Amino acid sequence: FFPHLFSSTGVCGCCGALRPRYKRLVDNIFPEDPEDGLVKANMEKLTFYALSAPEKLDRIGAYLSERLSRDVARHRYGYVCIAMEALDQLLMACHCQSINLFVESFLKMVRKLLESDKPNLQILGTNSFVKFANIEEDTPSYHRSYDFFVSRFSEMCHSSYEDPDIRTKIRMAGIKGLQGVVRKTVNDELQANIWDPQHMDKIVPSLLFNLQCGEDRERMGEKGPVELTERCFRELLGRAAYGNIKNAVTPVLMHLDNHSLWEGKVFAVRCFKIIMYSIQSQHSHLVIQQLLGHLDANSKNSATVRAGIVEVLLEAAAIAASGSVGPTVLEVFNTLLRQLRLSVDYELTGSYDPTSNIGIKIIKTHEERQLQEAVIRTIGSFANTLPTYQRSEVMLFIMGKIPVPGVHPALVSTVTAGFQTTNMLTALPSSFLEPLLSFSLTEDPEVRLLVLTILLSLIDRHDNRPKFSTISIISDISVLKLKVDKCSRQDNLFMKKHGQQLYRHIYLGCKEQSSGRQHYETLYTLLALLSMELANEEVVVDLIRLALALQDLALSTDESLPIYNRCAVHALAAAYLNLICQLTTVPAFCQHIHEVIEVRQKESPYLLPEDVFIDNPKYVPTTLTPLFFLNLDTVLLFTHVLASYIFVLGGSGYNTERLATPYVPQYTGKERLG
């Protein structure tokens, strides 16, 4: 044996000169002691050779791969690190036609390291892969596959290594690796589509697992990979094109299902906030549609699960830009209203299965109520993102659905919240107002009340509505501090076009036998707001005529109105005439109205609001009949001073001829059918 004939690399000295030059150059970058690190001078020679003879690059890669495999097997990890450093430098320096074959050798070595059970080698391989992922290659790659790397990096993200510090490092390496795979493949049309479910079902849950575990560790005061994970997740979503959104979001839904994360809401909301802020804004509606579909799929799940999904929808609606709900706006509200109806049914029946006497799961009433509140808030949130014309459609759509007991008022207030308009012709176009008013003729008192509430929300532009929440005789309306502006040209046009429709439906609303206290209070508020917002001289005259016609309605024996309703109509007319006379600022007119009110207060308090619109009306005589009202003393009625109205109002510039003409509602056959 002649040891002097062999170099430190194990190559026979006398045969070294016969070895290919690329091998000699590769061998020379390795020092005798691996702790000395890469021999930089020799590395420069190897790099120069590779650039000068690019056809040798694949052989250099293959030989480095061979050496690395041997060193891994012999546990010579210092040389392994040197080999990977050399590969990294060659990758950064060489951009030639032969790079693909070299990359194959490189990826083979990275794979070798990732398959190792040594954490340091796994992290070393990951770091090299990440450097490679950031290189833009000049030549296309036809046969390269990254399936192994997706699987392996995903496994590393779920590492359960005993040492917590090392476990965190392995998981963070897995996250960086997945980020590298996405960067390398997302824009390469020759690669297998990284957005395919087989890849997304590994990548997305791995990121969510670390996002969730990282939050838990941070709450315990430990450092975790949360920031890195979120950055990677955002980058993934930001690169998603229109057709890839579904595949990226579906694993999120499945992860939240599998780990029961909807109930807590917090993590689910955080996930979808990341999604909504990361994707391109024009794709927001796709996420919302998936959430709606998932909500429907969980219709028979617990209320807490459904409430969690609804809360996420609420956050998504708040983030989505105006109009980004997409072309199927009504689909959103259809789904939410369906869920609202189902929840009410579950609460009433106590079962998720109406065909069964025993529910599969126990219905918890308070949880269903919380869900209903969440659905209503979400409907309002979606409505607030819509332009005026679409919000009008939504209100009609809600009304067209089967009424949900007890929730209509809440629905209306949430949909109309923040609904500001200066032009009534825009807020209440014929296409919206006519079908809306047709609902006011329905037999269902709750729907009629809904119509009135919508009208109040849209007409009240100066927040006067709360000041008329109860009907009463106010001797001096200045205490209400009402806000009144002069009618605009658009307001005058609106009333010229739609005024008679509104008067007619107020009249018919008072005539309904099923109308109750709430209806009359709302009708009074509507009359008051019309006077505040839309009344010119002609409208004032018509409103006075309408109030007198309501008094005649309550006196008529032809109408089968209950006694309470007759008293309520009298009281409403009195309260409104008291208000309008003070708004006209004609002293003599006010005097006439106040005289009648004073007589009623002494002799017939059941004809005034203070004794009618209370929880238990005490002064409504139980022996009254329609004939009794017909024979009321004229001093109790406003009609007997009509001549005085005409005289004093005529002197103030109002149309006396029109005022002298009794109001008679004229409505079409279409409205009767409604």
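- As annotated in an unreviewed UniProt entry, the chain is EFR3 homolog B from Myripristis murdjan.
- Check the Sequence similarities (unreviewed entry) section of the UniProt entry for the chain; it says "Belongs to the EFR3 family."

1. Side note on the packing of helix α22 (residues 445-459) against helix α24 (residues 517-533)
Item 1. Interaxial distance between α22 and α24 falls to 10 Å at its minimum, and their mutual angle equals 25°. Our classification of the angle between α22 and α24 gives roughly parallel. The hand of the α22/α24 crossing is left-handed. Every residue of α24 that contacts α22 at Pro 445, Arg 448, Leu 449, Leu 452, Thr 453, Leu 455, Leu 456 and Ile 459 is listed here: Gln 518, His 519, Thr 522, Leu 523, Thr 525, Leu 526, Leu 529, Leu 530 and Glu 533.

2. A closer look at helix α11 (residues 226-238)
Item 1. When the terminal C-alpha atoms of α11 are compared, their 18 Å separation across 13 residues agrees well with the 18 Å that a helix rising 1.5 Å per residue should span.
Item 2. When α11 is considered as a whole, its buried residues turn out to be Val 226, Leu 228, Thr 229, Glu 230, Cys 232, Phe 233, Glu 235, Leu 236 and Leu 237.

3. Remarks on the packing of helix α25 (residues 537-555) against helix α26 (residues 563-584)
Item 1. Following both chains from N to C, one finds α25 and α26 inclined at 160°, their axes separated by 9 Å at the closest point. Between α25 and α26, the angle falls in the class roughly antiparallel. Considering the relative orientation of α25 and α26, their crossing is left-handed. From α25, Val 540, Leu 543, Ile 544, Ala 547, Leu 548, Leu 550, Gln 551, Leu 553, Ala 554 and Leu 555 reach across to α26, where they touch Arg 566, Val 569, His 570, Leu 572, Ala 573, Tyr 576, Leu 577, Ile 580 and Thr 584.
Item 2. Counted by class, the contact of α25 with α26 contains 15 nonpolar, three polar and one charged residues.

4. Quick notes on unusual backbone geometry
Item 1. A positive phi angle, near 50°, is found at Ser 260, a position not held by glycine.
Item 2. Considering the arrangement of structural elements, one finds Ser 260 in the loop between α12 (245-258) and α13 (266-278).
Item 3. Phi is positive for Asp 463, close to 55°, though the residue is something other than glycine.
Item 4. The topology assignment puts Asp 463 in the loop between α22 and α23 (489-511).

5. Considering helix α3 (residues 40-52)
Item 1. Given a rise of 1.5 Å per residue, 13 residues ought to cover 18 Å, and the 18 Å separating the end C-alpha atoms of α3 matches this to within 8%.
Item 2. By the burial criterion, the buried members of α3 are Asn 42, Met 43, Leu 46, Thr 47, Tyr 49 and Ala 50. Buried residues along α3 cover an arc of 160° about the axis, so they all sit on one side. Relative to its buried face, α3 has exposed residues pointing more than 90 degrees away, namely Lys 40, Glu 44, Lys 45 and Phe 48.
Item 3. Contact partners of the buried residues in α3: α2 (21-28), α4 (57-73) and α5 (77-93).

6. Things to note about the side chain of Asp 460
Item 1. Tracing the chain through its elements places Asp 460 in the loop between α22 and α23.
Item 2. Put simply, Asp 460 is tucked away with no salt bridge, and the nearest opposite charge, on Arg 465, sits 5.8 Å away.
Item 3. In terms of polar contacts, Asp 460 uses its side chain to reach the backbone amide nitrogen of Asn 464, at 2.9 Å.
Item 4. Within the local environment of Asp 460, its side chain forms a polar contact with the backbone nitrogen of Arg 465, the two atoms lying 3.1 Å apart.
Item 5. Residue contacts for Asp 460: discarding those within four places in its chain leaves Arg 465, Pro 466, Leu 529 and Glu 533.

7. Concerning the environment of Thr 661
Item 1. By the secondary structure assignment, Thr 661 is in the loop between α31 (656-659) and α32 (669-673).
Item 2. Thr 661 sits 119 residues away from Asp 542 along the chain, and the two C-alpha atoms are 9.7 Å apart.

8. Some points on the pattern of salt bridges
Item 1. Evaluated as defined, the whole model comprises 25 salt bridges.
Item 2. One salt bridge in this structure joins Asp 88 and Lys 131, with 3.5 Å as the shortest N-O distance. Pair noted here: Asp 88 is in helix α5 and Lys 131 is in helix α7 (residues 119-133), with a separation of 43 residues, a long-range link.
Item 3. A residue is classified by how much of its surface remains accessible, and Lys 131, at 46% relative accessible area, is partly exposed.
Item 4. Of the charged contacts in the structure, one is a salt bridge between Arg 306 and Glu 368, with a shortest N-O distance of 2.7 Å. Separated by 62 residues along the polypeptide, Arg 306 in helix α15 (residues 303-319) and Glu 368 in helix α17 (residues 365-384) bring together distant segments of the chain. With respect to burial, Arg 306 and Glu 368 carry one shared label: buried.
Item 5. The network of salt bridges with shared partners includes Arg 183, Glu 235 and Arg 239.

Calculation notes
- Residues numbered from 1 in each chain as written.
- Predicted model: local features only at pLDDT ≥ 70, side-chain atom pairs only at ≥ 80, totals over all residues.
- Heavy atoms only, no water.
- UniProt positions renumbered as here; feature names shortened; annotations may be inferred.
- Axes fitted to C-alpha atoms, helices over the stretch in contact; angles between N-to-C directions.
- Helix = DSSP H or I, 4+ residues; strand = E, 2+ residues; numbered from the N terminus.
- Parallel < 35°, antiparallel > 145°, perpendicular 65-115°, else oblique.
- Left-handed = near helix turned anticlockwise from the far one by under 90°.
- Contact = heavy atoms within 4.5 Å.
- Expected span 1.5 Å × (residues − 1).
- Buried < 20%, exposed > 50% of the residue type's maximum accessible area, 1.4 Å probe, protein only.
- Nonpolar A, V, L, I, M, F, W, Y, C, P; charged D, E, K, R; others polar.
- Arc of directions from axis to C-beta.
- Lys, Arg positive; Asp, Glu negative; His and termini not counted.
- Salt bridge = Lys/Arg side-chain N within 4 Å of Asp/Glu carboxyl O.
- Polar contact = N/O pair within 3.5 Å; in protein donor to acceptor, adjacent residues only side chain to side chain.

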